[in-house]
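So you can see what is in the structure, the chains are spelled out below.
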Amino acid sequence: MKKRQIGISILSVMLLGWSQIPAHVDAASTSYQASSDFATTQGQHNWHYQQGSGNTYSNLTYNTGASRWDLNQSYPWVSANAQHPGNTADAVRTWISPGTGTITISGSITKGSADGDGIQATIKKDNTTLWTQKITTTADQNPTGVTQIPVVKGTQIHFMINKVQSISFDHTLWNPTITYTTPDNPYLSIVDFGAIPNDSKDDYAAITKTITEAKKQGKEVYVPAGNFTLSQILKVDSVAIHGESQDSSILTSTDPNNGSIDLSGTSPALRKLTHTYQTTVERGNGANEKNSITVHGATNFTIDHVTVDKSSAAGMLIRGQANQGTITNNIVQDTGADGIHTTDGSYNITIANNKVNRTLDDMIAVVSYGDDKDSSGKLLPTHDVKILNNQVNGSTEARGISVVGGHDVLIEGNSIQNTYMAGILVATEAGDYNTQDVNQVTVNNNTLNSTATNLGGGHPSLLVTTGPGKIDNVTFNDNTISEAGKYVFGTLGSGTMGTINFNRNNIIGTGKSGLYIFKNGNVFVDGEKKVLTK
Ligand SMILES: [Ca+2]
Ligand SMILES: [Ca+2]
C-alpha cells in the first residue's frame, strides 16, 4: 500500500497528529499491490486470502512453510504473486474498499504452463463480474474494462482462478494492483475529528475542531446522519455546516441555558440539519444563549432546510446589524419566545418558505428597539426585510407576523393561522420595548384564518397601533381573512400615525365585533377615507 496525497502538507499532518488526519483529503490516491502488501494476517492492507464457490467465500489458513494461504496445506492456495485453484473451490484474492472512491485495476495474468485444460480467471465487484477469461496458453493476459470502477466502503473486489475441469498445470501468476482514488471533498466530516453519533457523549470539542480546520482549509463542515451532542454554545464563524438531511443529521444541546448555535463573520451557513434541546427552561430574560440559532452581525449568512425543535428563548434571532441573509425552507417549532426574530439594525434579510409552529411569542417578528444605536448614538432600525410565503400556525400567546419598529418591510404570500393576538401587527411599543418608528410596510396576498382569537385582548386580525413615535405608509393589499376573532382591520394607539391603506382585501365573514375599528391615522379603505371611530 503506497499513499500519495495531494493537498495536505507534511506540516499539517504533523500538527494534526496521525490519529486526527481526516479521511477526507483532496484527491488522494493509494496503491494496493498484491505482492508488496502480502501478509500473514487476513485483512492487512485491505487484502483477504480466500476460497470461493459461486458467490460464497471463506478465508484460507496461512501456511508458514509454504509462505502461502491454503486449505489444509493443499489446494486451493494464494501466495504473494500467484494462485492455484482447488478441486472444490476457486483460489480467491479479495480486496475490500476502505471508503468511497474509484479504483483502477492493473497487472497481467500468466498461466505457468501451456499444459492442462486451462483456467478461468475472473474479476468480480461484489457479485458482479467485471471481467472473465479462459486462459490456456502462457501468454500474458491483461484484464480490460477495469478502470474507474466506483466503490464504497466495504465493496469487495475478488480476483478468482477457477480450474475449468482439472486442476493439473493450473498454477497462475497474478499480482494485481488496485489504485484507489478518493474524490475531492469540499468538506470535512465531524466524525473524522472524533464526533461519535448516538452515544449521548459530548461532541462539542470534535465539532469545534472540525470548524476550525474547515475554516483554515476553506471547506465546509459535514454532519453525517445521527444524533450528536453539544454541551455548550457552538460558534460558527465564517464557515458553512451541512448535514446529510434535515431530519437525519441532529445536533442536540444538553444545556438549556447555553445551547445556541451562533453564526458570525462572512458567509456562515447552516443547511440540512436539526437543532434540538434535550430540555428547556423558562424564557426568563430571553438571553441569546437560550436561542436555538443566533446570528450575530454576520454578512451573507444562510439558514436553509434546518429544523429548530424546541428552545427556551427564540428559535432564530438575527441581531448586530446582520445583513444579506436568507432564512429559507426551515421548520421552527415549540420555542419559548419568538420563532424568527430580526432586530438590532439587521437589514437585507429574506425570510421565505419557512414553517413556524407553536411559538410562545410572535411567530415571525421584525423589531427595532429604541436603544439599538451605533457608537455615535445614531439609531439603527431593522430594515429591508422580506417575509415571503411562510406558513405560520399556532402562536399560543402572541402575534403571527409583526413589525414593531423598522422600515421597508414586505410581508407577502404568507399563510397565518391560529394566533392569540393579531395575525399581522404593525406597531410601535412603549415601556420596556420602547421601539423605533415604522415606515413603508407592505402587506400583500397573505391568507389569514382564525387569527386574533383572544377576544379579551381585542386585537383586530390586521392591526396598526402606535405607542411612542410614528407609523407611516402602511399598505394592506389583496389579503384574504377568514374567521377573524374580533375585528378584521383596525388602527389603534395614541402615537402619531400617517397614511394607512387597505385595498382589495377579501373578507370571508366579518369578525365577531364587526369589520373594522379605526381610532388613529389617515385611513383609506379601497381609496375611501374613513372617519375615525370615537
Ligand atoms: Ca485446469
Ligand atoms: Ca456523541
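Chains are numbered independently. Their residues run from 1 in the order of the written sequence. Here every chain gets a letter starting at A, and every ligand a number starting at 1, in the order they are written. Owing to the predicted nature of the model, reporting of local features is limited to residues with pLDDT of at least 70; listing and counting of side-chain atom pairs is limited to 80 or more, with chain, interface and lining totals taken over all residues. Hydrogens and water molecules were not included; the side-chain quantities draw on all heavy atoms of the structure.

**Q** Would you mind going over the overall build of the protein with me for this structure?
**A** For the protein, the helix and strand inventory stands at 3 helices and 52 strands. Computed over its C-alpha atoms, the radius of gyration of the protein comes to 34 Å, more than 25% above the 24 Å expected for a compact globule of 534 residues. When its C-alpha atoms are laid out on the principal axes, the protein stretches across 115 × 50 × 35 Å. Whether two residues are in contact is decided by their heavy atoms: any pair within 4.5 Å suffices. Pairs at least 24 residues apart make up 71% of the contacts formed inside the protein by residues separated by at least 6 positions. Accessible surface is estimated by sampling points in the Shrake-Rupley manner with a 1.4 Å probe; for residues, cover comes only from the protein chains shown. Here the protein has roughly 21800 Å² of accessible surface; of this, 47% comes from carbon and sulfur atoms. The distance from the centre of the 37 positive side-chain charges to the centre of the 45 negative ones in the protein is 2 Å. The helix count covers DSSP runs of H or I at least four residues long, the strand count covers runs of E at least two residues long, and both are numbered beginning at the N terminus. Restricting the calculation to C-alpha atoms gives the radius of gyration, and the globule rule supplies 2.2 Å times the number of residues raised to the power 0.38. Only four residue types enter the tally: Lys and Arg on the positive side, Asp and Glu on the negative side; His and the chain ends are excluded. Taken as the charge centre is NZ of Lys, CZ of Arg, CG of Asp or CD of Glu, depending on the residue.

**Q** Is there a simple way to think about helix 3 (residues 204-217) in this case?
**A** Structural remark: α-helix, 3.6 residues per turn; residues separated by three or four positions point the same way. A helix's residues, less one, multiplied by 1.5 Å, set its expected span. Along its 14 residues, helix 3 runs 20 Å from first to last C-alpha, staying within 8% of the 20 Å computed at 1.5 Å per residue. Residues of helix 3 that are buried: Ala-206, Ile-207, Thr-210, Ile-211, Glu-213 and Ala-214. Once helix 3 finishes, Gly-218 follows within two positions and takes phi at roughly 70°, a positive value. We call a residue buried when its accessible area falls under 20% of the maximum for its residue type, exposed when it is over 50%, and partly exposed in between, using a 1.4 Å probe and counting protein chains only.

**Q** Could you clarify how one ought to interpret the packing of aromatic side chains in this entry?
**A** Centre distance and the angle of the planes are the two values used to describe a pair of aromatic rings. Any two rings among Phe, Tyr and Trp, with Trp reduced to its six-membered ring, count as a pair given centres within 6.5 Å; such a pair is stacked if its planes are under 30 degrees apart, edge-to-face if over 60, and tilted if neither. This model, assessed by the stated rule, comprises 13 aromatic pairs. On the basis of an interplanar angle of 55° and a centroid distance of 6.0 Å, the ring pair of Trp-95 and Tyr-180 is categorised as tilted. Taken together, the positions of Trp-95 in strand 9 (residues 90-96) and Tyr-180 in strand 17 (residues 177-181) put the pair 85 residues apart, joining distant regions of the chain. Trp-95 gets classed as buried once you look at its relative accessible area, which sits at 0%. According to the relative accessible area criterion, Tyr-180 is buried, its value standing at 6%.

**Q** How should the environment of Asn-323 be read in this particular structure?
**A** Checked against the element boundaries, Asn-323 lands in strand 29 (residues 323-328). What makes Asn-323 buried here is its relative accessible area of 8%. As a C-alpha pair, Asn-323 and Ser-376 span 53 residues in sequence and 20 Å in three-dimensional space. Leaving out residues up to four positions away in the same chain, Asn-323 has contacts with Ala-298, Thr-299, Asn-300, Phe-301, Tyr-347, Asn-348 and Ile-349.

**Q** Just checking my understanding: could you explain the coordination of the calcium ion (ligand 2) for this structure?
**A** In this listing, donors mean N, O and S atoms no farther than 2.8 Å from the metal, or 3.2 Å for Na, K and Ca; water is missing from the atoms, so a site can look incomplete. Donor atoms from the polypeptide that coordinate the calcium ion (ligand 2) comprise Ile-196 (O), Asp-199 (OD), Lys-201 (O), Asp-203 (OD) and Asp-203 (OD), at 2.3 to 2.7 Å from the metal. Of note, the calcium ion (ligand 2) draws all its donor residues from one chain, in the sequence arrangement I-x2-D-x1-K-x1-D.

**Q** Honestly, the side chain of Asn-46 in this entry has me stumped. Any pointers?
**A** Tracing the chain through its elements places Asn-46 in the loop between helix 2 (34-37) and strand 3 (47-53). Overall, Asn-46 belongs to the buried group, its relative accessible area being 18%. Once residues within four sequence positions are removed from consideration, Asn-46 is found in contact with Tyr-32, Thr-94, Trp-95, Ile-96, Ser-97 and Pro-98.

**Q** Could you clarify how one ought to interpret the confidence of the model for the protein in this entry?
**A** Low-pLDDT portions of the prediction should not be read for the details of their coordinates. Residue-level confidence of the predictor, termed pLDDT, takes values from 0 up to 100. Of the residues in the protein, 95% have a pLDDT of 70 or more, and the chain-wide mean is 92. Counting contacts from residues 3-26, a segment whose pLDDT is below 50, to residues more than four positions away or on other chains yields 36 contacts.

**Q** Would you explain the coordination of the calcium ion (ligand 1) in this entry?
**A** Six octahedrally arranged donors around a metal ideally form angles of 90 or 180 degrees; four tetrahedrally arranged donors ideally form angles of 109.5 degrees. Those protein atoms acting as donors to the calcium ion (ligand 1) are Asp-117 (OD), Gly-118 (O), Lys-163 (O), Ser-166 (O), Asp-170 (OD) and Asp-170 (OD), and they sit at 2.2 to 2.6 Å. Since its relative accessible area comes to 29%, Ser-166 is described here as partly exposed.

**Q** What's the story with the pattern of salt bridges in this structure? I'm lost.
**A** When the charged atoms of two side chains with opposite charge come close together, those side chains can pair. Basic side-chain nitrogens of Lys or Arg form a salt bridge, by our definition, when they fall within 4 Å of a carboxyl oxygen of Asp or Glu. In this structure the tally under the stated criterion is 14 salt bridges. Linking Glu-429 and Arg-399 is a salt bridge whose minimum nitrogen-to-oxygen distance equals 3.1 Å. In this pair, Glu-429 is assigned in the loop between strand 40 (424-427) and strand 41 (438-444) and Arg-399 in the loop between strand 36 (391-395) and strand 37 (401-404), connecting sequence segments 30 residues apart. Its relative accessible area of 18% is what places Glu-429 among the buried residues. Asp-478 serves as the salt-bridge partner of Arg-504, at 2.9 Å between the closest nitrogen and oxygen. With Arg-504 in the loop between strand 48 (499-503) and strand 49 (506-508) and Asp-478 in the loop between strand 44 (470-477) and strand 45 (480-482), this pair connects stretches of sequence that are 26 residues apart. The exposure class assigned to Asp-478 is partly exposed, which follows from its relative accessible area of 26%. When salt bridges with common partners are traced through the structure, they connect Asp-362, Arg-399 and Glu-429 into a single cluster.

**Q** What am I meant to see in the domain arrangement of the protein here?
**A** How big an interface is tends to be stated in terms of the accessible area lost upon association of its parts. Domains assigned within the protein are domain 1 (2-181) and domain 2 (362-534). Segment limits for the domains were obtained from an automatic or database-derived domain assignment. Taken over C-alpha atoms, the centre of domain 1 sits 71 Å from the centre of domain 2.

**Q** What should I look at first to understand the environment of Asp-408 in this one?
**A** In this structure, Asp-408 sits in strand 38 (residues 406-412). Judged by relative accessible area, which is 35%, Asp-408 ranks as partly exposed. Sequence-distant contacts of Asp-408, defined by excluding residues within four places in its chain, comprise His-383, Asp-384, Val-385, Asn-439 and Gln-440.

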